[in-house]
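The residues making up each chain are set out below.
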Amino acid sequence: MNSASAQRFNTLAGGYATSEVHSASPTLDRLHGLLPHVDSVCDIASGAGHTGLRFAATATRIVAVDPAPNMLAEVWRLAIQRGVAVETVEAFAESVPLPTGSFDLVVCRVAAHHFSDLPQAMAEMTRLAKPGGHVAVIDMEGDEDPVLDALNHEIEVLHDPTHVRSYTAKHWRALFTAHGLDVVACATRLWEIPGGMTVRRWCELGHSGDMAFRAIQARLASTSVEDLAALEITRDADGDFHLPIRTLLILGRKSPV
């Protein structure tokens, strides 16, 4: 993530606290199901902090890391509302000023597609995990089909010009392995919003503007039925497109020695 992304998300902080994409999802529930008893969590590029706070029932330490101070203010607000102790660190994912081997779980949700140096961010997340601890990523999923991937990327950039790349499961597996993590779970084609989200609502959450909304609508309207179906994008009777907000979940375990 770079300074432009941080500045942009600083203005979106209030909406992220209540966003239906960020506040809860079946994918976040799935992660919690895989790791129900976590004692310490570091939430990288935390946004309003929903992911880390999801582990409050068992975690004695929750740390939210984000470069946008307004996002960290939302973390504090939500934590106070829920009576949860939390620490915050203003930093980019590529350089986190926390000690090595500090956390049972280092997690990054719906943010890695903004990172300017993903391998460096991955190195930091792995460094922060304790020996035998876990690193988890939930993020927008790229497509193995280059045509579909290009279409998906085009729509993402129209929605948010700071979007860098949605990566495939193959790419994530290779990255986890390269950083010494044993992949213990990898689920693909997950939906953050059951039933999908309209393009208009998606653009509202991202403050994308009417021009971006119309451009995305027009691009999807010109896309073949087959390609829309492959990306699991539907269209209702009123002509509104519904996006699955499709993600993947990958969980890796750091060597215990």
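The sections below set out a description of the structure shown in this document. Note that the structure is a prediction, hence the values are computed from the model and not measured. (Residues numbered from 1 in each chain as written. Predicted model: local features only at pLDDT ≥ 70, side-chain atom pairs only at ≥ 80, totals over all residues. Heavy atoms only, no water.)

1. Points about the packing of aromatic side chains
Reasoning step 1: The tally for this structure, following the rule as stated, stands at two aromatic pairs.
Reasoning step 2: Centre to centre, the rings of Trp172 and Phe176 are 6.2 Å apart; their planes meet at 80°, and the pair counts as edge-to-face. Of the two residues, Trp172 and Phe176 both sit in helix H9 (residues 169-178), four residues apart, roughly one turn of that helix.
Reasoning step 3: The exposure class assigned to Trp172 is buried, which follows from its relative accessible area of 0%.
Reasoning step 4: For Phe176, a relative accessible area of 0% corresponds to the buried category.
Reasoning step 5: What links up through ring pairs into an aromatic cluster is the set Tyr167, Trp172 and Phe176.
Reasoning step 6: Taking the ring centre of Phe213 as reference, the NZ or CZ of Arg200 above it sits at 4.0 Å. (Phe/Tyr/Trp six-rings, centres within 6.5 Å; stacked < 30°, edge-to-face > 60°. Helix = DSSP H or I, 4+ residues; strand = E, 2+ residues; numbered from the N terminus. Buried < 20%, exposed > 50% of the residue type's maximum accessible area, 1.4 Å probe, protein only. Lys NZ or Arg CZ within 6 Å of the ring centre and 35° of its normal.)

2. Here we look at the sheet that holds strand S8 (residues 234-235)
Reasoning step 1: Across the sheet, which stays open at both edges, the three strands sit in the order S7-S9-S8 with antiparallel pairing between neighbours. With one partner strand each, in any of the chains shown, strand S7 (197-198) and S8 form the two edges of the open sheet.
Reasoning step 2: Two strands pair when backbone bridges link them, and S7 and strand S9 (residues 241-243) are joined in this way by two bridges, in the antiparallel orientation. Counterpart to Met197 in the pairing with S9 is Leu243. (Pairing = 2+ DSSP bridges.)

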